[in-house]
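# Overview (structure and organization)
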Amino acid sequence: MQDTPISSSPLAGRHLVLGLSGGIACYKAAELCRALVKAGATVQVVMTDAAAQFITPVTMQALSGRPVYSNQWDAREGNNMAHINLSRQADAIVVAPASADFMAKLIHGGADDLLGLMCLARPLERVPLILAPAMNREMYAHPATQRNIAQLRADGSHVLGVGAGEQACGEVGDGRMLEPQELLEELSAFFSPKVLAGQHVLITAGPTYEAIDPVRGITNRSSGKMGFALAQAAWRAGAQVTLVAGPVSLPTPRGVQRIDVQSAQQMQQAVQSCVERATVFIASAAVADWRVDGVADHKIKKGEGTQAPALSFVENPDILAGVAASERARSGRLYCVGFAAESHDLLAHAQAKRQRKGVPLLVGNIGPDTFGRDDNALLLVDEQGSQELARASKVQLATELVAIVAQRLRS
Ligand code: C5P
């Protein structure tokens, strides 16, 4: 997914205590620390003795830019109460990796080292505890570990999932710590207001590809970045998200269900298969207006002296207009948002397009200024008038647009 610039990251300005307990996944904590700092958070690292067997405090100090704490008797604190001071300053304590042993200790309120002591001493209502488990698959599947995770959740901790796959021990299964970028996304979502909780957002993104023959086709310059950023922002805002994507090479945003399609007709079918469950439909895809009439079964060969083939076209279905005209949308159970990429007279074209498509909200942008770029400027048009969203990263604009849609759903 696109990197979130500092200003638009929900982690910007947060103060996180990053706790490391013992496990080989400590090597990933170094990259997580770096990513958190890049997102604008300040990070105070606290390590157990076991964690220091896997990665040195020197590495974590260099990456966080702060001395690491590991000892509850640390004399650097004036009052000699590191566990109180560190936990009171934090917006959250994130333990990554959280070992099986450390989680077993937590459920009993064990406090024989600084990290356990600090988790116990944190103000429960103000400083959330987020745990990223990491261990061998048998340890993870063991009833004792699963019991401990259930107990930690019942006690109010936020226990993240684990990854599946090859483990450092050579076995294959569940229990790997999530990758640093996945953890970053989970933490970004944790700190995002849940303005779309309970909503199901269906999004189309990217270009479509209309075949001429088995090896050639017609497409356009849409990168899909805006639609993918919208999917990411909607998931962070608490929605269930389905993303119908044309041919793009972007990674699937975390938590998002993705359906890959090629042509406009396939995109329409995919949309129709999920629109009955959706409460918001955002059509950001640059759908081809026409497809080739009579796609050749075999590659059209270039022969000496033969003329260039004459292509004829048929009009593609208008996916957005069709959805907007459905009973679900007209009865107010589905809120529809369209996009318009224009080259000039944005306001007039966007207003006309909003009416033609029959949608309450249309988002206009200047095509050549947005295709392939990480930033954009938007003009929102509705029945009342228009509103500009100033040039910013697509991630930032997506967050703003999601907040605006959420506000309209509420009113
Ligand atoms: O008509 P135009 O392509 O400019 O309309 C743009 C809007 O309509 C976008 O929201 C786009 O995703 C949607 N659209 C569609 N199906 C089409 C053409 C456009 O859903 N065939």
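In what follows, the structure referred to is the one given above.
A few points on the structure. (Residues numbered from 1 in each chain as written. Predicted model: local features only at pLDDT ≥ 70, side-chain atom pairs only at ≥ 80, totals over all residues. Heavy atoms only, no water.)

### Considerations on the overall build of the chain
Worth spelling out the cut-off: Helix and strand assignments follow DSSP, with helices taken as H or I runs no shorter than four residues and strands as E runs no shorter than two, numbered in order from the N terminus. Buried means the residue's accessible area, taken with a 1.4 Å probe over protein chains only, is under 20% of the maximum for its type, while exposed means over 50%, and partly exposed covers the values in between. Contact definition: two residues touch when any of their heavy atoms are within 4.5 Å. Method for areas: the Shrake-Rupley scheme with a 1.4 Å probe, in which residue coverage is limited to the protein chains shown. Positive charges are assigned to Lys and Arg, negative charges to Asp and Glu, while His and the chain termini are left out of the count. Note on charges: their place is set at NZ of Lys, CZ of Arg, CG of Asp or CD of Glu.
Within the chain, the secondary structure is distributed over 15 helices and 19 strands. Considered along the principal axes of its C-alpha atoms, the chain spans approximately 85 × 55 × 40 Å. Counting all 411 residues of the chain, 51% fall into the buried class. A sequence separation of at least 24 residues applies to 67% of the contacts in the chain between residues at least 6 apart. As displayed, the chain offers around 19100 Å² of accessible surface, 50% of which is attributable to carbon and sulfur atoms. Separation of charge centres in the chain, based on 38 positive and 39 negative side chains, amounts to 2 Å.

### Describing the site of the ligand
What counts is decided by this rule: Here a residue is near a molecule or strand as soon as one of its heavy atoms is found within 4 Å of it. Any N or O atom pair separated by 3.5 Å or less is treated as a polar contact, with the protein-specific requirement of one donor-capable and one acceptor-capable atom, and with residues adjacent in sequence counted only for side-chain atom pairs. Gly falls in the polar group here, along with every residue not listed as nonpolar (Ala, Val, Leu, Ile, Met, Phe, Trp, Tyr, Cys, Pro) or charged (Asp, Glu, Lys, Arg).
Residues in contact with the ligand, as listed here, are A283, A285, V287, D289, P317, D318, I319, L320, G338, F339, K353 and K357. For the ligand, an oxygen atom lies 2.6 Å from a polar atom in the backbone of A285. For the ligand, a nitrogen atom lies 2.8 Å from a polar atom in the backbone of P317. When the ligand is considered free in solution it has 440 Å² of accessible area, and contact with the protein chains removes 87% of it. Among the secondary structure elements, those contributing two or more residues to the shell around the ligand are α11 (319–324), β16 (335–342) and α13 (346–357). Its residues placed into classes, the shell around the ligand shows seven nonpolar, one polar and four charged.

### Some thoughts on α13
To be explicit about the condition: Here the expected span of a helix is defined as 1.5 Å times the quantity of residues minus one. In this description, one arc is meant: the one made by directions from the helix axis to the C-beta atoms.
An ideal rise of 1.5 Å per residue puts 16 Å on twelve residues; α13 measures up with 16 Å between its terminal C-alpha atoms. All buried positions along α13 are accounted for by L346, A350, K353, R354 and K357. For α13, the buried positions fall inside an angular range of 105° around the axis, keeping them on one side. Away from the buried face of α13 by more than 90 degrees, exposed residues Q355 and R356 are located.

### Considering the packing of helix α4 (residues 100–107) against helix α5 (residues 114–121)
Using the following cut-off: Axis angles are defined between N-to-C directions and span 0 to 180 degrees, where every axis is a line fitted to C-alpha atoms and, for a helix, only to the segment in contact. Put simply, angles under 35 degrees are roughly parallel, angles over 145 are roughly antiparallel, angles from 65 to 115 are roughly perpendicular, and the rest are oblique. Helix crossings are classified by the rotation of the near helix relative to the far one: an anticlockwise turn of less than a right angle makes the crossing left-handed, while a clockwise turn makes it right-handed.
Running from amino to carboxyl end, α4 crosses α5 at an angle of 40°, the nearest separation of the two axes being 10 Å. It follows that α4 is oblique to α5 by the angle criterion. Where α4 crosses over α5, the handedness of that crossing is right-handed. Residue-level contacts link F102, K105 and L106 of α4 to L115, G116 and C119 of α5. Residue composition of the contact of α4 with α5, by class: four nonpolar, one polar and one charged.

### A look at the packing of helix α1 (residues 26–38) against helix α2 (residues 57–64)
Interaxial distance between α1 and α2 falls to 9 Å at its minimum, and their mutual angle equals 15°. Taken together, the axes of α1 and α2 lie roughly parallel to each other. As for how α1 packs across α2, the hand of that crossing is right-handed. Residue-level contacts link A29, A30, C33, R34 and V37 of α1 to T59, M60, L63 and S64 of α2. In terms of residue class, the contact of α1 with α2 is made up of six nonpolar, two polar and one charged.

### Some points on the nonpolar core
To keep things clear, this is the line we draw: Nine residue types can take part in a nonpolar core, namely buried Ala, Val, Leu, Ile, Met, Phe, Trp, Tyr and Cys, and a core is a set of them joined through side-chain atoms within 4.5 Å.
Membership of the largest hydrophobic core comes to 40 residues, with the highest contact counts inside it found for L196, V201, I203, L230, V241, I282 and L380. Setting aside anything within four residues of it in sequence, one finds V241 in contact with V201, I203, A231, A234, W235, V256 and Q257. L11, V43, V68 and L184 belong to the second-largest nonpolar core, a separate cluster that totals 34 residues.

### Quick look at the pairing of strand β4 (residues 129–133)
For clarity, the cut-off: For two strands to be treated as a pair, DSSP must find no fewer than two bridges joining them.
Burial analysis of β4 places five of its five residues in the buried class, the great majority of the element. Burial of β4 is two-sided: the residues L129, L131 and P133 facing one way and the residues I130 and A132 facing the other way are all buried. In the sheet, strand β3 (residues 92–98) pairs with β4 via four bridges, with the strands oriented parallel. Within β4, the residue paired with V95 across the bridge is L131.

### Notes on the environment of A406
Following the sequence through the fold, A406 ends up in helix α15 (residues 394–410). Judged by relative accessible area, A406 falls into the buried class, the value being 2%. Considering only alpha carbons, one finds A406 and V195, 211 residues apart in sequence, at a separation of 5.9 Å. Leave out the neighbours within four places in its chain, and A406 touches V195 and L196.

Remember, this is a structural readout, not a statement about activity or role.
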